[in-house]
Amino acid sequence: AEKVRNLFFQGGLFGVQTPWKKLNDILKGWREGEVTIWSGRNGSGKSTILNQVFLGLAEKEIKSCIYSGEMPPERYLRWAIIQHKGNEKPSATEIDNTLSWMDSRIYILNITYGVQPDKLLSDFEHAARRYNVKHFFVDSLMKINFKDQDEYRQQQAFMDQLTGFAQKFSVHVHVVAHPRKTEKDDDTPGKVDVKGT
């Protein structure tokens, strides 16, 4: 009963503020123990938005751990610096200052190829225990190495594991899941178009 009463009296926000007021109004913040699925067409800005999310968290001194099987850490950090500074050509001093600011706030797994689900969860657990990381990013589900047979069932099991991880360590996990191909590039995918679970 006490937990239920606390939910009623804690105010409008239930978790850490997102970078956007309208999203806060809808989601009530990023809550511990939950998983958020991000999806959209190729080139629609999923990774760019996720960068903005972890940069906003870093400004609040909340630590993030990112797995991107699509680009090496140095390219990922370059992109994040451009977003953080709002400048495609920062000076060497600005680059060094931003990297120093990111230190101990943003962790990027140095895995630039597909990863086994157990390895990723093990690395995430290490980051949660050792560095007190509170937000974890998987960009994207396509870069998780599932065995060929029954990939759908393996994705479902992996999502169950991620949810269990989020609840066990009181963290929030963000996952990019690409939608299935539509007939035309400008078709807007819906939630039933998200691959797997």
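Rules of the game
- Residues numbered from 1 in each chain as written.
- Predicted model: local features only at pLDDT ≥ 70, side-chain atom pairs only at ≥ 80, totals over all residues.
- Heavy atoms only, no water.
- Helix = DSSP H or I, 4+ residues; strand = E, 2+ residues; numbered from the N terminus.
- Buried < 20%, exposed > 50% of the residue type's maximum accessible area, 1.4 Å probe, protein only.
- Contact = heavy atoms within 4.5 Å.
- Areas by Shrake-Rupley, 256 points an atom, 1.4 Å probe, with all protein chains shown as cover.
- Salt bridge = Lys/Arg side-chain N within 4 Å of Asp/Glu carboxyl O.
- Pairing = 2+ DSSP bridges.
- Axes fitted to C-alpha atoms, helices over the stretch in contact; angles between N-to-C directions.

(A) Structural detail: the overall build of the protein chain. Each helix and strand counted, the protein chain has 7 helices and 5 strands in total. From first element to last, N terminus to C terminus, the protein chain shows the α and β order α-α-β-α-β-α-α-β-α-β-α-β. Taking all 197 residues of the protein chain together, 39% fall into the buried category. Intrachain contacts of the protein chain at a sequence separation of at least 6 include 71% that bridge at least 24 residues. When the accessible surface of the protein chain is totalled, it reaches about 11,800 Å², and 48% of it is carbon and sulfur.

(B) Here's a closer look at the pattern of salt bridges. Per the counting criterion, the structure on display carries 5 salt bridges. Residues Glu61 and Arg105 are paired through a salt bridge, measuring 3.7 Å at the closest nitrogen-oxygen approach. Of this pair, Glu61 sits in the loop between α3 (46-59) and β2 (64-68) while Arg105 sits in the loop between α5 (92-102) and β3 (106-108), placing them 44 residues apart in sequence. Taking the relative accessible area as the measure of exposure, Glu61 reaches 59% and is therefore exposed. Judged by its relative accessible area of 17%, Arg105 is buried. Residue Arg129 is joined to Glu125 by a salt bridge in which the shortest nitrogen-to-oxygen separation is 2.9 Å. Pair noted here: Arg129 and Glu125 are both in helix α6 (residues 117-131), with a separation of 4 residues, about one helical turn. Among the residues examined, Glu125 registers a relative accessible area of 28% and is labelled partly exposed.

(C) Inspection of the sheet that holds β3 at higher detail. The strand order across the open sheet formed by 5 strands is β1-β5-β4-β2-β3, and the pairing between neighbours is parallel. The sheet is open, and its two borders are formed by β1 (34-38) and β3, each paired with just one other strand. The average angle at which neighbouring strand axes cross in this sheet is 15°, direction not considered. In the sheet, strand β4 (residues 135-139) pairs with strand β5 (residues 172-176) via 4 bridges, with the strands oriented parallel. By the bridge assignment for β5, His135 is matched with His172. Contacts between α3 and the sheet are confined to β1, β2, β3, β4 and β5, with β4 contributing the most and set at about 165° to the helix. Here helix α7 (residues 151-168) sits on the sheet in contact with β1, β4 and β5, set at roughly 135° to β1.

(D) Spatial organisation of the pairing of β5. With respect to burial, β5 is a largely interior element, 5 of its 5 residues being buried. Here β5 shows a buried face lined by His172, His174 and Val176 and a second buried face lined by Val173 and Val175.

(E) Just unusual backbone geometry, in detail. With an omega of 20°, the peptide bond running from Asp139 to Ser140 counts as cis. Secondary-structure assignment places Ser140 in the loop between β4 and α7. Not every positive phi belongs to a glycine, and Lys28 is a case in point at roughly 70°. By secondary structure assignment, the location of Lys28 is in the loop between α2 (21-27) and β1. Look at Ser170: it is not a glycine, yet its phi comes out positive at around 50°. Note that Ser170 resides in the loop between α7 and β5. Residue classification places Ser170 among the partly exposed residues on the basis of a relative accessible area of 29%.

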